[in-house]
Amino acid sequence: MDIAIIGAGNVGSALATSFVRAGHSVTVTSRDPEHAGRVAEATGARAVRSTVEAVTGADVVVLATPFASAAEVAAEIADAVTGTIVVDATNRMSFGPNGPDIDTTSSNAEELAALLPGARVVKAFNTLFASHQADPISDGVRLDGYVAGDDGDARAAVLDLVASIGLEPVDVGPLARARQLEGLAFLNITLNVAHDGTWQSGWKLVAAPPTVPAAA
């Protein structure tokens, strides 16, 4: 696949590492071109300065920036990603008087889909820390890669992408399930924060049905 990654932080770098290792063609772009260049050099990807240049012609676009910049990014790429699979790898978190919190009435992925009505938005990769986006094994266990999306063909393509980097692909159904996926990530993050964790924990569904059906 030709994959464009928007964002060159820990997530963008980790996913670029895995995608290139799996044989995909990867382009990285960032607000900081030098940062994108360093990630590209380290991973074997290609760096470009323009977000639109990065996504034009890509099979899959991955949003790997803080979600606070999603509206700005979406405004830039909306026309260029019409009909394209756009993967939201972001997470939803805020801080209130009682510490970390999460709004479960929607999800980042659903909000991104509203910002990009012409794209085929899929949720994936967000339940993994960057270390396991680069390496899918934790404590000898192959971790899960959960995928949610309303477009069945787009979801299937991302499930294949998930499998290609060594994760166990799990189809959780429509894009609304992104709310639960973001909740899984929130729980993992807060457990590590609260207990001074090593940030190596990950999610594995055991004794699942041989084929997990798309949720209604």
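Quick caveat, the model's predicted, so the values are computed rather than measured.

Student: Help me get a handle on the pairing of strand S1 (residues 2–6), residues and values and all.
Tutor: Among the five residues that make up S1, four are buried, leaving the element largely enclosed by the rest of the structure. Relative to strand S2 (residues 25–29), S1 runs parallel, the two sharing five bridges. Within S2, the residue paired with Ile5 across the bridge is Val28. Pairing of S1 with strand S4 (residues 60–63) involves four bridges; the strand directions are parallel. When the sheet's bridge partners are listed, Ile6 is paired in S4 with Leu63.

Student: So, the sheet that holds strand S3 (residues 46–47): which residues are in play, and what are the values?
Tutor: Across a sheet, paired strands are connected by hydrogen bonds in the backbone, their directions being either parallel or antiparallel. Judged by pairing direction, the sheet is mixed, and its eight strands sit side by side in the order S3-S2-S1-S4-S5-S8-S11-S12 without closing on themselves. Only two strands of the sheet have a single partner each, and these edge strands are S3 and strand S12 (168–173).

Student: Report on the side chain of His24, specifying residues and quantitative values.
Tutor: Tracing the backbone through its elements, the reader meets His24 in the loop between helix H1 (10–21) and S2. Take His24: its relative accessible area is 14%, and that puts it in the buried class. For His24, the side chain forms a polar contact with the main-chain nitrogen of Met1, separated by 3.1 Å. Excluding its chain neighbours within four sequence positions, the residues that come into contact with His24 are Met1, Ile3, Phe19, Leu161 and Ser164.

Student: Please set out the pattern of salt bridges residue by residue, giving values where relevant.
Tutor: Evaluation of the coordinates by the stated rule reveals 11 salt bridges. Between Glu168 and Arg142 there is a salt bridge; the shortest N-O distance is 2.8 Å. Linking Glu168 in strand S12 with Arg142 in strand S10 (residues 141–142), this pair joins segments that are 26 residues apart in sequence. Given the relative accessible area of 32%, Arg142 is considered partly exposed.

Student: I'd like a description of the nonpolar core, backed by residues and values.
Tutor: Counting residues in each nonpolar core, the largest one holds 32 residues, and the members touching the most others are Ile5, Phe19, Val62 and Phe125. Of all the elements in the fold, those that place two or more residues in this core are S1, H1, S2, helix H2 (33–43), S4, strand S5 (85–88), strand S8 (120–124) and helix H7 (152–164). Counting residues per element, this core draws most heavily on H7, which supplies six residues. In contact with Phe125, not counting residues within four places along its chain, are Leu15, Phe19, Val87, Ala89, Gln133, Tyr146, Leu161, Val162, Ile165 and Leu167. Core analysis: the next-biggest nonpolar cluster, separate from the first, contains 22 residues, Val61, Ala70, Val121 and Leu175 among them.

Student: Describe the environment of Leu161, with residues and values.
Tutor: In this structure, Leu161 sits in helix H7. Residue classification places Leu161 among the buried residues on the basis of a relative accessible area of 1%. Sequence separation between Leu161 and Ala22 is 139 residues; the distance between their C-alpha atoms is 9.0 Å. In contact with Leu161, other than residues within four places in its own chain, are Met1, Ile3, Phe19, His24, Val60 and Phe125.

Student: How would you summarise the side chain of Asp144 if you had to cite specific residues and measurements?
Tutor: Within the fold, Asp144 resides in strand S11 (residues 144–149). A distance of 2.7 Å separates a polar atom in the side chain of Asp144 from a polar atom in the side chain of Tyr146. Of note is the side chain of Asp144, whose polar atom sits 2.5 Å from the backbone nitrogen of Leu205. Leave out the neighbours within four places in its chain, and Asp144 touches Thr127, Leu128, Leu167, Glu168, Val170, Trp203, Lys204 and Leu205.

Student: Could you give me a rundown of unusual backbone geometry, with the residues and numbers involved?
Tutor: For Phe125, which is not glycine, the phi dihedral falls at a positive 70°. As for its placement among the helices and strands, Phe125 is situated in the loop between S8 and helix H6 (130–134). Phe125 gets classed as buried once you look at its relative accessible area, which sits at 2%.

Student: Before we move on, can you summarise helix H8 (residues 178–194) with the specific residues and values?
Tutor: Owing to its 3.6 residues per turn, the α-helix aligns residues three or four sequence positions apart on the same side. Taking 1.5 Å per residue as the helical rise, H8 with its 17 residues ought to reach 24 Å, and the 24 Å between its terminal C-alpha atoms agrees with that figure. Buried residues of H8: Ala178, Leu181, Glu182, Ala185, Phe186, Asn188, Thr190 and Asn192, and no others.

Parameters and conventions
- Residues numbered from 1 in each chain as written.
- Predicted model: local features only at pLDDT ≥ 70, side-chain atom pairs only at ≥ 80, totals over all residues.
- Heavy atoms only, no water.
- Buried < 20%, exposed > 50% of the residue type's maximum accessible area, 1.4 Å probe, protein only.
- Helix = DSSP H or I, 4+ residues; strand = E, 2+ residues; numbered from the N terminus.
- Pairing = 2+ DSSP bridges.
- Polar contact = N/O pair within 3.5 Å; in protein donor to acceptor, adjacent residues only side chain to side chain.
- Contact = heavy atoms within 4.5 Å.
- Salt bridge = Lys/Arg side-chain N within 4 Å of Asp/Glu carboxyl O.
- Core = buried A, V, L, I, M, F, W, Y, C linked by side-chain atoms within 4.5 Å.
- Expected span 1.5 Å × (residues − 1).

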